[in-house]
Amino acid sequence: DLYISVGGNVFTKKTAGGVRTTLFGGFGSLSYQNLTILGEADFVQNKFGSAKVTGVVSFVEVDYVVTPGLDLKLGYDFYDPDKDLKTGSMSKYSIGFEFFPISGVEVRPVYRIVKDEPTDVKNDEFQLLFHFYL
């Protein structure tokens, strides 16, 4: 069985300081058997006076059901607050699992490798999430 979904969004907000922020982008997913790929890409445009700054945000995640109750997760996040500058972006690469030991309980250990431009410092992350579904 193959499942595909796509969508888009547009949102505009003007702040009290006169900055007009517009978000626009798209998202989608594809699932086939035990594999699911989902992602989203958005542009964030800030206008103040005649100046305009456009940033880019994107996300891709791949999930694979290893066995019922255990999923492998791979992910990539990208953020650039100003696409016209060559520096200032951030990328995150994630690897982890989702483990469902009993119905309604999820344990998710995830390791994230963080890459900053232009200065790449050691700020990798380990996250351990517990979800309880009622």
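The structure reproduced in this document is the subject of the present report. (Residues numbered from 1 in each chain as written. Predicted model: local features only at pLDDT ≥ 70, side-chain atom pairs only at ≥ 80, totals over all residues. Heavy atoms only, no water.)

### A look at the overall build of the chain
Stage number 1. Secondary structure summary: the chain contains zero helices and eight strands in total.
Stage number 2. Beginning at the N terminus, the succession of helices and strands in the chain can be written as β-β-β-β-β-β-β-β.
Stage number 3. Here the chain has a C-alpha radius of gyration of 18 Å; the compact-globule value for 134 residues is 14 Å, and the former is much larger.
Stage number 4. When its C-alpha atoms are laid out on the principal axes, the chain stretches across 55 × 35 × 30 Å.
Stage number 5. Classification of the 134 residues of the chain by burial places 21% in the buried group.
Stage number 6. Taking the intrachain contacts of the chain between residues at least 6 apart in sequence as the baseline, contacts between residues at least 24 apart amount to 32%.
Stage number 7. Of the roughly 9,100 Å² of accessible surface on the chain, 63% is carried by carbon and sulfur atoms.
Stage number 8. Of the charged side chains in the chain, 13 are positive and 17 negative, and the gap between their average positions amounts to 10 Å. (Helix = DSSP H or I, 4+ residues; strand = E, 2+ residues; numbered from the N terminus. Rg over C-alpha atoms; globule rule 2.2 N^0.38 Å. Buried < 20%, exposed > 50% of the residue type's maximum accessible area, 1.4 Å probe, protein only. Contact = heavy atoms within 4.5 Å. Areas by Shrake-Rupley, 256 points an atom, 1.4 Å probe, with all protein chains shown as cover. Lys, Arg positive; Asp, Glu negative; His and termini not counted. Charge placed at Lys NZ, Arg CZ, Asp CG, Glu CD.)

### Looking at the pairing of strand β4 (residues 51–67)
For a regular strand, side chains alternate in direction, first toward one face of the sheet and then toward the other.
Stage number 1. Where strand β3 (residues 35–48) lies against β4, 14 bridges are found, and the strand directions are antiparallel. Across the sheet, the residue bridging to K47 is K52, located in β4.
Stage number 2. Connecting β3 to the antiparallel partner β4 that follows it, the hairpin turn spans two residues, and G49 within it adopts a positive phi of roughly 65°.
Stage number 3. Direction of pairing for β4 relative to strand β5 (residues 70–80): antiparallel, over a ladder of 11 bridges. Looking at β5, one finds that Y64 is bridged to L72.
Stage number 4. If you look at the hairpin formed by β4 and β5, you'll find two residues sitting between the two strands, and G69 has a positive phi there, around 100°. (Pairing = 2+ DSSP bridges.)

### Side note on unusual backbone geometry
Stage number 1. The backbone of Q33 sits at a positive phi, close to 50°, despite the residue not being glycine.
Stage number 2. Relative to the assigned elements, Q33 resides in the loop between β2 (20–32) and β3.
Stage number 3. The exposed category is assigned to Q33, whose relative accessible area is 61%.

### Points about the packing of aromatic side chains
Stage number 1. Per the counting criterion, the structure on display carries two aromatic pairs.
Stage number 2. Taken together, a centroid distance of 5.1 Å and an interplanar angle of 45° make the contact between Y76 and Y93 tilted. You can see Y76 sitting in strand β5 and its partner Y93 sitting in strand β6 (residues 90–99), a full 17 residues away along the chain. (Phe/Tyr/Trp six-rings, centres within 6.5 Å; stacked < 30°, edge-to-face > 60°.)

### Notes on a nonpolar patch on the surface
Stage number 1. A contiguous nonpolar patch, built from L2, I4, V6, L30, Y32, L35, I37, V60, Y64 and V66 and spanning about 920 Å² of accessible area, is present on the exposed surface.
Stage number 2. Put simply, the parts of the chain that give the nonpolar patch at least two residues each are β1 (2–14), β2, β3 and β4.
Stage number 3. Assignment of secondary structure puts V60 in strand β4.
Stage number 4. We classify V60 as partly exposed; its relative accessible area is 39%. (Patch = residues over 30% accessible without salt bridge, like charges linked within 9 Å, V, L, I, M, F, W, Y side chains within 5 Å. Salt bridge = Lys/Arg side-chain N within 4 Å of Asp/Glu carboxyl O.)

### Quick notes on a positive patch on the surface
Stage number 1. There is a patch of like positive charges on the surface, built from K14, R20, K47 and K52.
Stage number 2. Here K52 lies in strand β4.

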